Amino acid sequence: MLALDFMRQALVAAVLVGIAAPMIGVFLVQRQMSLIGDGIGHVALAGVAAGFLTGTMPLVTALTAAVAAGAAVEFIRLRGRTGGDLALAVMFYGGIALGVVLMALSPTGTPANLTAYLFGSLLTTSSGDLVLFAVLAALVMGVTWVLRPRFFAVAQDEEYSRASGLPVTALNVLLSVLTAVTVVVSMRIIGLLLISALMILPNATGQLLGRSFAATIRWAVAIGVFCALVGVTTSFYAGTPSGATIVLVAIVCFLVTAAVGGLRARVVRAQHERAERHLHEHGPACGHPAVPHGDHVDYLHDGHRHAAHADHWDEHADHADHTHVDEGVHR
Amino acid sequence: MSTPLIAARAVSFGYDDRVVVDRLDLSVGVGEVVALLGPNGSGKSTLVKGLFGLVPRLGGTIEVEGKVGDASTHHARIGYVPQRHSLAQSVRSTVSEVVAAGRLPHRPWWQPATRSDRDLVARAIEAVGLSDRAHAEVSTLSGGQQRRVLIARALAGQPALLVMDEPTAGVDHASQVVLTEVLGRLAASGTAMLVVTHELDVLADVVTRIVCLDAGHIDFDGSPGAYAAHLADADHPHVHAGHHHDDDSTGGR
C-alpha cells in the first residue's frame, strides 16, 4: 500500500486533516455551532464548481468561497438573532445548489468529480495540492494552538471577554475563517458533505475521555488522526469512498467509548461514598483539622475524613487503605 | 481625596430608542465597597455593563484612575463578575481553565501562560476557597461554587476595583455564607468593590456606602447609617416596602 504514490499522499493528507479538524472543531462545539463547518462546505462546493467552469484551480476558488462564507457567518451572527438563521440557510443551500448547477455546466465537471468532492476520494490528492494542503493545515494548527486560550475564553464567556478588553469580534471572525480553511484542506480526502463530522465527532468522543478542556483537545486530536488513518487504509482495501469510511470509523469510536464509559461510570458510582450533608464548606477556616491525603486534602469531621468531590464531600477511609482508596473510590 | 478608581460623569446608557440610565454621576474610590441597590428595571445592570462598554453609551464620560476610557479599555485595573446562574458547559473545562481566562488581557496574544500567571490563578482560586476543587470540572460544581469561580476569574487579573452583578442572587445559604466571607476578605485586603445586589443583609458587614438607583437615576447615595435613616424617614411606597420587596414595589405602580 505504501509503495503507491497516491496512497502515501492520502495518508499524509489524512494525518493533516485528522489533527486540524478536531482542533478547530472543539471551539465550534464549545460555541454550539457544530454544524457551521457543514454549511461552509456547501458554499465551498460553489467555489470548486466555479474553478472547474473557469479553468482555475478548484482549490483556490474553493478557498475564496469558503473564507468569504466563514466571514459572512460571523457577520450575520453579529447582526443579531432575528433572520440570521434564515440568512445562513439561504447562503448554505444557495452554495450547494449553485455548485451542482455550475458543475453540470462545466465541460470537465463529471458526476464522478462531483461525488469525489462531496464524499472524499483517495485518488484526488496530487502532490502539488498536497504541498498547499500542508501549508494551509500548518497555518490552521499554528494559529489555533497559539490562540487557543483566547478562543477558549471567548467561546466560554463572550460578555466577560469583551469586558476584559479581548478583541472578541476579530477572534470570532478568525475562528470562522480558520474553519473555512480547514474545510478546504479536508475536502479532497473527507469530502465537503462530511468534513464537519471529523471536526465534531472526535470531540464528542474526547469529551467522554477528557476531564478538562486541554485533555479533551488532546484526545480529540489523537482520535481524529486514528480515525483518518484507519479510514484511509480501510478505504484502500475495501474500495469505498475515503471520507464516508473515515466518518464511519469515527462513529464506531464514539459508540464504543460511550458504551465503555457508561459501564465504568456505573462501577465508580457504586463504589463511591458520599459524606453526610452539612451546611458549611470545608476550607482553611472551617475549623476541622486538615490532613494531606495523596494529591488532595481531607478534613477530619467528627472522626471521619471528608474530601472534595464535584459539588459535595466524599467519605475517605483511613490511611491504612490509602492506596486502595485513591485507585478505586476516588478519582 | 485621591483620584477615584472609576468616575462616570453625566453618563447615559441605553439602546437605540430607549435611555435606561440617564445622565448619572457615580464614582468609586480606593477602599470603598459600594452596594448598588434598586428595583428590577431601575438600570443597575445596564449601568454596570455600560461601564464596561457592553451597552452603548449615549452620553457623558468615564474615567478610570483619571484616564479617559471605559473599564474594558482599562481592563487591567477593573475586574468584572457578570451575572450568571451557571457557566457555559458545552465542553468540559476545569475551574483552573476558566479562571486562567482572567490573565489573558495581561499578556500579548502570542505569549503562553507564565509561571506567575499560573501562581496568580492558583491564588485567586484559593481566595474564593476552591483550592480543593481547582481541577474539578465546573459543570460538577453547585451554583454558588460556580459564582465563586467567576469571582476568582476576575481576581486573577489583580484588579483594584471589582465590579459584581448580583453575586449572591439565587445561591443557597451555605454558599452565601462563603461568599460573604470571600467578599469580607477581599475588602480587608483593600480591593474596592461595586456590587449590584438585592440582598444587602448578606453584605452588611463589608459595605461602606450605599447607592440606590430608581428609573435610571440615583435617588440615594450615602453611608449605611444614613441609608437606614433614609428608610425610616421616607414613607413613599417603594422605600416603605424596603429593598427586600423591590419587585413588588415596581410591579405595584
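Scoring rules and cut-offs
Residues numbered from 1 in each chain as written. Chains lettered and ligands numbered in written order. Predicted model: local features only at pLDDT ≥ 70, side-chain atom pairs only at ≥ 80, totals over all residues. Heavy atoms only, no water. Helix = DSSP H or I, 4+ residues; strand = E, 2+ residues; numbered from the N terminus. Buried < 20%, exposed > 50% of the residue type's maximum accessible area, 1.4 Å probe, protein only. Contact = heavy atoms within 4.5 Å. Lys, Arg positive; Asp, Glu negative; His and termini not counted. Charge placed at Lys NZ, Arg CZ, Asp CG, Glu CD. UniProt positions renumbered as here; feature names shortened; annotations may be inferred. Domains from an automatic or database assignment. Buried area = accessible area lost by both parts, 1.4 Å probe. Salt bridge = Lys/Arg side-chain N within 4 Å of Asp/Glu carboxyl O. Polar contact = N/O pair within 3.5 Å; in protein donor to acceptor, adjacent residues only side chain to side chain. Nonpolar A, V, L, I, M, F, W, Y, C, P; charged D, E, K, R; others polar. Axes fitted to C-alpha atoms, helices over the stretch in contact; angles between N-to-C directions. Parallel < 35°, antiparallel > 145°, perpendicular 65-115°, else oblique. Left-handed = near helix turned anticlockwise from the far one by under 90°. Pairing = 2+ DSSP bridges. Expected span 1.5 Å × (residues − 1).

Peer 1: Hey, could you run me through the overall build of chain A in this one?
Peer 2: When helices and strands are tallied, chain A shows 12 helices and 4 strands. With the C-alpha coordinates of chain A rotated into their principal frame, the extents come out at 85 × 50 × 30 Å. Taken over 331 residues, chain A has a buried fraction of 53%. Taking as baseline every contact in chain A between residues at least 6 positions apart, the subset at least 24 positions apart corresponds to 69%. Chain A carries 18 positive and 21 negative side-chain charges, and their two centres are separated by 10 Å.

Peer 1: Can you walk me through the UniProt feature "transmembrane region" (unreviewed entry) in chain A in this structure?
Peer 2: Residue and element names in this part refer to chain A. UniProt marks residues 6–28, 88–110, 130–148, 160–181, 187–205, 217–238 and 244–263 with the feature "transmembrane region" (unreviewed entry), using the numbering shown here. Secondary structure content for residues 6–28 is 100% helix and 0% strand, while the C-alpha to C-alpha distance between its ends is 32 Å. Helix and strand shares over residues 187–205 are 58% and 0% respectively, and the end C-alpha atoms of the span are 22 Å apart.

Peer 1: Before we go on, may I ask you to explain the domain arrangement of chain B in this structure?
Peer 2: Many descriptions give the size of an interface as the accessible area lost when the pieces come together. All names here are of chain B. By domain assignment, chain B separates into domain 1 (1–77 + 159–253) and domain 2 (85–158). Each of domain 1 and domain 2 has a C-alpha centre, and these two points are 24 Å apart. Listed as interface residues are 18 residues of domain 1 and, on the opposing side, 17 residues of domain 2. Where domain 1 abuts domain 2, roughly 1200 Å² becomes buried across the two surfaces, and 66% of that area is made up of carbon and sulfur atoms. On the surface where domain 1 and domain 2 come into contact, there are 0 salt bridges. Applying the counting criterion to the domain 1 and domain 2 interface returns 4 residue pairs in polar contact (both at pLDDT 80 or more). Mapped by element, the contributors of at least two residues to the side of domain 1 that touches domain 2 are strand 7 (161–165) and helix 5 (173–188). If you tally residues by element for the side of domain 1 that touches domain 2, the top one is helix 5, at 7 residues.

Peer 1: What is the right way to look at the interface of chain A and chain B in this model?
Peer 2: Facing the 39 residues of chain A at the interface are 39 residues of chain B. On the chain A side of the interface with chain B, the three residues burying the most area are Glu159(A), Tyr160(A) and Glu281(A), jointly 21% of the side's total. Along the contact surface separating chain A from chain B lie 4 salt bridges. One salt bridge in this structure joins Asp157(A) and Arg84(B), with 2.5 Å as the shortest N-O distance. Mapped by element, the contributors of at least two residues to the side of chain A that touches chain B are helix 1 (5–30), helix 6 (127–156), helix 7 (158–163), helix 9 (195–209), helix 10 (213–238), strand 2 (296–301), strand 3 (304–309) and strand 4 (312–316) of chain A. By residue number, the principal contributor to the side of chain A that touches chain B is helix 6 of chain A, which donates 7 residues. Residue composition of the side of chain A that touches chain B, by class: 19 nonpolar, 12 polar and 8 charged.

Peer 1: Quick question: what am I supposed to make of the packing of helix 3 (residues 58–78) of chain A against helix 8 (residues 168–186) of chain A here?
Peer 2: Axes are the key here: two packed helices are described by the angle between their axes and the distance separating the axes. Residue and element names in this part refer to chain A. The interhelical angle for the contact between helix 3 and helix 8, taken along N-to-C directions, is 150 degrees, at an axis separation of 8 Å. Considering their axes alone, helix 3 and helix 8 lie roughly antiparallel with respect to each other. For the element pair helix 3 and helix 8, the recorded crossing hand is right-handed. When helix 3 is examined against helix 8, the residues Leu-59, Ala-62, Leu-63, Ala-66, Val-67, Gly-70, Val-73, Glu-74, Phe-75, Arg-77 and Leu-78 are found in contact with a partner set consisting of Thr-169, Asn-172, Val-173, Ser-176, Val-177, Ala-180, Val-181 and Val-184.

Peer 1: I keep staring at the sheet that holds strand 9 (residues 209–214) of chain B and nothing clicks. Help me out?
Peer 2: Pairing between sheet strands relies on hydrogen bonds along the backbone, with the strands arranged either parallel or antiparallel. Residues and elements named next belong to chain B. Strand order in the open sheet formed by 6 strands is 6-7-8-3-9-10, with mixed pairing between adjacent strands. Each edge of the open sheet is held by one strand with a lone partner, namely strand 6 (78–81) and strand 10 (217–222). When strand polarity is set aside, the average angle formed by the axes of neighbouring strands in this sheet is 15 degrees. The pairing of strand 7 with strand 8 (residues 192–196) spans 5 bridges and is parallel. Within strand 8, the residue paired with Asp-165 across the bridge is Val-196. Its contacts with the sheet put helix 1 (residues 44–51) on strand 3 (33–37), strand 6, strand 7, strand 8 and strand 9, and the angle it makes with strand 3 is roughly 130 degrees. On top of the sheet, helix 5 reaches strand 3, strand 7 and strand 8; it is set at about 145 degrees to strand 8, its chief contact.

Peer 1: Help me out: how do you make sense of the side chain of Ser121(A) in this one?
Peer 2: Residues and elements named next belong to chain A. In this structure, Ser-121 sits in the loop between helix 5 (111–119) and helix 6. With a relative accessible area of 14%, Ser-121 lands in the buried category. Among residues more than four places away in sequence, those in contact with Ser-121 are Ala-116, Arg-188, Ile-189 and Ser-242.

Peer 1: Any chance you could explain the pattern of salt bridges here in plain terms?
Peer 2: Pairs can form between side chains of opposite charge once their charged atoms are near each other. All names here are of chain B. Applying the stated criterion to the full structure yields 18 salt bridges over all chains. Asp-117 is the salt-bridge partner of Arg-103, the closest N and O atoms lying 2.9 Å from each other. Of this pair, Arg-103 sits in the loop between helix 2 (95–100) and helix 3 (115–127) while Asp-117 sits in helix 3, placing them 14 residues apart in sequence. Classification of Arg-103 by relative accessible area gives buried; the value is 7%.

Peer 1: It is not clear to me how helix 3 of chain A should be interpreted in this structure. Could you clarify?
Peer 2: Three or four residues apart is the spacing at which side chains of an α-helix point the same way, because the helix has 3.6 residues per turn. Residues and elements named next belong to chain A. With 21 residues, helix 3 extends 30 Å from end C-alpha to end C-alpha; this agrees with the ideal 30 Å at 1.5 Å per step. Turning to helix 3, its buried residues are Pro-58, Leu-59, Thr-61, Ala-62, Ala-65, Ala-66, Ala-69, Gly-70, Ala-71, Val-73, Glu-74 and Ile-76. In this structure, the buried residues of helix 3 make contact with helix 2 (36–54), helix 4 (84–105), helix 5, helix 6 and helix 8. Once helix 3 ends, the next one or two residues include Gly-80, with phi positive near 120 degrees.

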